[in-house]
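Results of the structural survey
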Amino acid sequence: MATRRKTAADRPPDRLTAAFRVVGKALRKVDATAKVVGATKFADDVALPRMLYAKLLRSPHPHARILGIDPSRAAALAGVKAVLTGKDLPIPFGILPVSQDEHALAPDKVRFVGDPVAAVAAVSEETASAALDLIDVTYEPLRPVTDATDAVTHPEPRIHDYGDGGNLHKLIDLEFGDVAEGFAAADLVREDLLFFEGSTHLPMEQHAAVADWSPDGKLTLWSSTQTPHYVHRALAKVLELSPAKIRVIATPNGGGFGGKSDPFSHEIVVAKLAMLTGRPVKITLTREEVFYCHRGRHPALMWVKTGVKRDGAITAMHFKSLLDGGGYGSYGVASTYYTGALQTVTYHVPRYKFQGARAFTNKPPCGPKRGHGTPQPRFALEVHLDKIAEQLGMDPAELRLKHLVPPNSLTANWLRIGSMGLGPCIRKVVAGSGWKEKFRKLPHGKGIGLACSSYITGAGLAIYWNPMPHSGVQLKCDRGGGVTVFCGSTEIGQGSDSILAVIVAEVLGVDPFDIAIVTGDTDLTPVDLGSYSSRVTLMTGNAAIQAAERARDIIARHAARKLELPAERLAFAERRVFDVENPARGLSFADAVQLAEAAEGTVGTVGSYTPPASPGRYRGAGVGPSPAYSYSACVAEVDVDPATGIVRVPRIFIAHDVGRSINAATVMGQIEGSVYMGLGEALMEEMAYRGNRNVVHKIPSLLEYKSPTTLEMCDVVTYVVEDPDPNGPFGAKECGQGPLLPVPPAVANAVYDAVGVRIDVVPITPEKVFKALRRKAKGEEPRFGPTAFPDIPWPDPTRVPPPWEGGDGKAVPLTPGASPGLDGARIPGHAPGVRDR
Amino acid sequence: MPPLDAKAKIALELNGEPVEVAFAPHKTLLEVLREDLGLTGTKHGCELGECGTCAVLVDARPVLSCLVLGLACAGRRVKTVEGMAEGGRLHPLQDAFAELGAAQCGYCTPAFLLAAGALLAENRRPTRDQIKQALAGNLCRCTGYIKIYEAVELAAARMRGEKAQPARETLYGYP
């Protein structure tokens, strides 16, 4: 192909500033009509002739050895076609190469109530359910580990025989500059302890999968997955099939939010059952089982210590997190790094130390939920800063505005910041909310709080480290002027199919609805790594631009010859190819495609995208780098009833720097949806377990797991800030996760403004507010929150000088007899600076 | 006693047309619609009556199809999302949901459309609070409900014959 291979860096700068024809408009999504008429085929809508139904037998014990399984009575039941136990699927899997610790069916040990141990395929769901009751399992119960602190104090019995010792899965210790020196130079040093409760994604669609096995040795799996590529890998590994013999089709997800990003037991089980029976096999999880799949927000205990000058400039920060990981690894190693990665990308932190630990516990595994590992530390940091601002007598908005990370800079932990629109975001929500007239001035019971955040636009490093692109797009032009775009990305409701259509339409000058989109099918589409880490718009968008520009170059070559013009003078718009200097002189797009096809054959191109290399080169530098960072600022209004502790949030102001809106309507929906989910985590959502009663889930139902209904959801005032980033397609950054992050701390800060108590825990339930108000009334510390951070056997720190202290992003060798670190957090016994009302 | 799974046959009006369907008598309306009538537009989120995702209209009132036996619908008028568009044209609610992005993943959408349709049949000019009350039994995890309210208001205005357009801040945010 004659076209030059372009990268984001050498793309002409006018892509960031040009006037757009399609990009940035509020368009309906390409799949909107199918969704409103009920025609979208979700995984459970797939039905095949002679289909069998599968059910999983799940452990009733949180932690037990399996002494024996006898499935013979189940296998003998009329209508049962196959029964599987752990020995049938002995090969482990897991999303991360470093945590291949799951089995489709537990072979020898169960690690949480709900861990699958056996599976049945039968002619009906009823028969399969009845057969589960006939599977005899003998367990030897082991002491369960109920939470992260329990895991620290009880290294035995171990839940897994790998990790960083006892029941600690992962320990991290990273140091960027000498924080002790930074604290010594501060005018104020403050420490805080906070806790962020775990929560779950709660997609409205229960996970479902259908497998079909053809006698020619080909396996097809339809699944509600966000990551068909990783399911493809896991199936090949566990089933010992060539990947070429496996086709994974990601059906449109009925909501994901990170909860459908792991390869799951049920996907492997139906595949194996289809292979054994030669018939299609379906499984649809019950809502209770969705709670057991989980992979949601890690409960995180956090300690943060920050030194500041009188003007609020940070001199050093030390952050510790302890994550309750549940029974398996999942994305947990990455989640743990993420609790320490992005503290540095909003305000300038010259010296930074992070210590993170993830514990194994006997609960459903935690993993990536919207914001993946960053809402917890963001809550801690933004509440902590609110307290610091009060101690300094500064307005919290001013404090933040004065110390923003500069654009196009490196952070202490070697993250490369590109565009940075947090300043405009803060100014928007401050002006819109009437912040200056309201902060600390509202009547008792009414409050206002502010918080900010940032999030990655795609992980800079893939899960499997290899030199291949993170996203691929294939494009085909039809003689009639239609265009088909093939991409492995997965539509989970965020609008990724529409992003492809808008971007290709912009480049080729056609209508987005002239474009057919084929996504999430490992047989048909080039690999895209999946719908996670807010990566899809940026990565598929850049790949789509490359593919579309290559097609445009081919078409332009032949249109130029026909029109007797240099190709550079051609524009593509309104389904035409024409002379920019004389628009009447041109061809229809379809005619131009035909000329190109006549001359060169089928007009088909490919594009791909690989993120830029990260400057950080230390162990652990793989988590945090991103091609671009989005920024958000939030102001929450609250009404707190001092008699009951009930918190209501009437309105939230949110400003989000999206770089560039590709589809304005979709951006609005993503921002509002993020605020909604953040509000749920702030006020009510929690994965709660009965630690003293077999570690069973308290509330595995949609009725008892409280999520905001129309009656709790607040009004949202949204501001879209566009600070285009050179790495984003047309400058675009993410918007699907970032705007969640500032909501819980903004609500917590507003509660303090309203009634003068600090709730250093989410969710901020009435009980916690009430207890803190009681303490305040008794003259005790007006606070509800954790009081201790356990001693953790941290490893030797990895020391990396920050960029302004020289170095090349690599760790420096440890000096013998180095300081043992700063363990054993102490919390001041008083709460400084609390207002007297 | 006949075997438990011996099929029963009922007649009902489904999306304006008479139909007969035979099914195992323990089946819910949700199961009958999806499995025996092939109308998979009706979704399920819990099958316990907790989320509202399976709502359909029976005699013009929203009901949770996971809690209603198919047998109980003999002789009744049942409407599902498949019956909303007429003559190849979207119902104004469907059109407004598509226009504003009130359907993100689209999984809860059929139930929201039907519940909103039942509201507008009774109240041509509902307030925002009345819309919230009418939809309080339906959970959505994607939208934060805002675009759903705005779509219902837009559709209501258009159904009253007004030439309504979405507000600029609905689609682009505040300046």
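Residues numbered from 1 in each chain as written. Chains lettered and ligands numbered in written order. Predicted model: local features only at pLDDT ≥ 70, side-chain atom pairs only at ≥ 80, totals over all residues.

1. A few points about the overall build of chain B
Counting secondary structure elements, chain B contains 6 helices and 5 strands. Reading the helices (α) and strands (β) of chain B from amino to carboxyl end gives β-β-α-β-β-β-α-α-α-α-α. Relative to the globule expectation of 16 Å for 175 residues, the C-alpha radius of gyration of chain B, 17 Å, shows essentially globular dimensions. Dimensions of chain B along its principal axes, counting C-alpha atoms only, are 70 × 30 × 25 Å. (Helix = DSSP H or I, 4+ residues; strand = E, 2+ residues; numbered from the N terminus. Rg over C-alpha atoms; globule rule 2.2 N^0.38 Å.)

2. As for the domain arrangement of chain B
When the parts of a complex come together, some accessible area is lost, and that lost area is often used as the size of the interface. All names here are of chain B. Considered domain by domain, chain B is made up of domain 1 (8-83) and domain 2 (92-170). The centre of domain 1, based on its C-alpha atoms, is set 23 Å off from the matching centre of domain 2. Contact residues are listed per partner, giving 16 residues for domain 1 and 12 residues for domain 2. Counting residues per element, the ones that place at least two in the side of domain 1 that touches domain 2 are β3 (55-58) and β4 (61-64). Considering every element that reaches the side of domain 1 that touches domain 2, the biggest residue donor is β3, with 3 residues. Split into classes, the residues belonging to the side of domain 1 that touches domain 2 amount to 8 nonpolar, 5 polar and 3 charged. (Domains from an automatic or database assignment. Contact = placed C-beta atoms within 7 Å. Nonpolar A, V, L, I, M, F, W, Y, C, P; charged D, E, K, R; others polar.)

3. Some points on the domain arrangement of chain A
All names here are of chain A. Along its sequence, chain A is organised into domain 1 (14-40 + 472-524 + 536-607), domain 2 (43-142 + 206-252 + 260-293) and domain 3 (169-200 + 296-461 + 617-805). Relative placement of domain 2 and domain 3: their C-alpha centres are 37 Å apart. Each partner contributes to the interface: domain 2 provides 20 residues, whereas domain 3 provides 22 residues. Grouping the constituent residues of the side of domain 2 that touches domain 3 by class yields 8 nonpolar, 5 polar and 7 charged.

4. Here's the deal with the pairing of strand β12 (residues 281-284) of chain A
Residue and element names in this part refer to chain A. Burial along β12 is two-sided: Val281 and Ile283 facing one way and Lys282 and Thr284 facing the other are all buried. Looking at chain direction, strand β1 (residues 52-58) and β12 are connected through 2 bridges and run parallel. For Leu52, the partnering residue across the bridge sits in β12 and is Val281. Of the strand pairs in this sheet, strand β9 (residues 208-214) and β12 are connected by 4 bridges, and their pairing is antiparallel. Of the residues in β12, the one forming a bridge with Ala208 is Thr284. (Buried ≥ 20, exposed ≤ 12 C-beta atoms within 10 Å, placed from the backbone. Pairing = 2+ DSSP bridges.)

5. Observations concerning the confidence of the model for chain A
All names here are of chain A. Residues of chain A with pLDDT of at least 70 account for 95%, and the chain-wide mean is 95. Segment residues 1-13: pLDDT under 50, and 9 contacts once partners within four positions in sequence are set aside and those in other chains are kept. Low pLDDT, under 50, characterises residues 817-837; the predicted model gives this stretch 29 contacts beyond four residues in sequence or across chains. (pLDDT = per-residue confidence, 0-100.)

6. A short note on the sheet that holds strand β26 (residues 629-640) of chain A
Residues and elements named next belong to chain A. Across the sheet, which stays open at both edges, the 4 strands sit in the order β18-β26-β27-β30 with mixed pairing between neighbours. Across the chains shown, the open sheet's two edge strands, defined by having one partner strand only, are β18 (446-456) and β30 (715-721). Along the sheet, successive strands turn relative to each other by an average axial angle of 15 degrees, direction set aside. Here strand β27 (residues 647-657) pairs with β30 via 7 bridges, running parallel. Within β30, the position partnered with Ile652 by the bridge is Val716. Relative to the sheet, helix α19 (residues 743-755) contacts β18, β26 and β27, its axis offset from that of β18 by approximately 160 degrees. (Axes fitted to C-alpha atoms, helices over the stretch in contact; angles between N-to-C directions.)

7. Digging into the interface of chain A and chain B
Contact with chain A, which involves 47 residues of that partner, is made by 42 residues of chain B. It is helix α18 (residues 664-683) of chain A that contributes the most residues to the side of chain A that touches chain B, 9 residues altogether. Grouping the amino acids of the side of chain A that touches chain B by side-chain chemistry returns 23 nonpolar, 17 polar and 7 charged.

8. Comments concerning the nonpolar core
Among soluble globular proteins, nonpolar side chains are generally buried collectively. All names here are of chain A. Membership of the largest hydrophobic core comes to 309 residues, with the highest contact counts inside it found for Ala54, Val504, Cys634, Val747 and Val751. Broken down by element, the residue count for this core peaks at 14 residues, all from helix α16 (residues 536-563). If sequence neighbours within four positions are ignored, Val747 has contacts with Gly449, Ala636, Val638, Val649, Ala682, Leu683 and Ile764. (Core = buried A, V, L, I, M, F, W, Y, C linked by C-beta atoms within 7 Å.)

9. Quick notes on the packing of helix α2 (residues 92-100) of chain B against helix α5 (residues 146-159) of chain B
Residues and elements named next belong to chain B. One way to put it is that α2 packs onto α5 with a least axis distance of 8 Å and a crossing angle of 135 degrees. Taken together, the axes of α2 and α5 lie oblique to each other. Between α2 and α5 lies a crossing of right-handed hand. Only Lys147, Glu150, Ala151, Val152, Leu154, Ala155, Arg158 and Met159 of α5 make contact with α2, whose side of the interface consists of Pro92, Leu93, Ala96, Phe97 and Leu100. When the residues that make up the contact of α2 with α5 are grouped by side-chain class, the tally is 10 nonpolar, no polar and 3 charged. (Parallel < 35°, antiparallel > 145°, perpendicular 65-115°, else oblique. Left-handed = near helix turned anticlockwise from the far one by under 90°.)

10. Observations regarding the pairing of β1 of chain A
All names here are of chain A. Most of β1 is tucked away, with 6 of its 7 residues classed as buried. Sheet topology note: the β1/strand β5 (residues 116-122) ladder contains 6 bridges and is antiparallel. Bridge pairing in β5 places Leu57 opposite Ala118.

11. A word on the packing of α18 of chain A against α19 of chain A
Residue and element names in this part refer to chain A. Contact geometry for α18 and α19: axes closest at 8 Å, N-to-C directions at 50 degrees. In terms of orientation, α18 and α19 fall into the oblique class. Once α18 is placed against α19, the crossing between them reads as right-handed. Along its contact with α18, which presents Val675, Gly678, Leu679, Glu681, Ala682 and Leu683, the element α19 presents Val743, Pro744 and Val747.

12. Notes on the sheet that holds β4 of chain B
Consider a sheet: its strands pair through backbone hydrogen bonds, and that pairing is either parallel or antiparallel. All names here are of chain B. Strand order in the open sheet formed by 5 strands is β2-β1-β5-β3-β4, and the pairing between neighbours is mixed. Edge positions in the sheet fall to β2 (17-23) and β4, since each has one partner strand and no second. Taking the axes of each pair of neighbouring strands and ignoring which way they run, one obtains an average angle of 45 degrees across the sheet. Two strands pair when backbone bridges link them, and β3 and β4 are joined in this way by 4 bridges, in the antiparallel orientation. Within the sheet, the bridge partner assigned to Leu57 lies in β4 and is Pro62. The strands touched by helix α3 (residues 109-122) within the sheet are β3, β4 and β5 (77-79), with β3 carrying the most contacts at an inclination of about 35 degrees.

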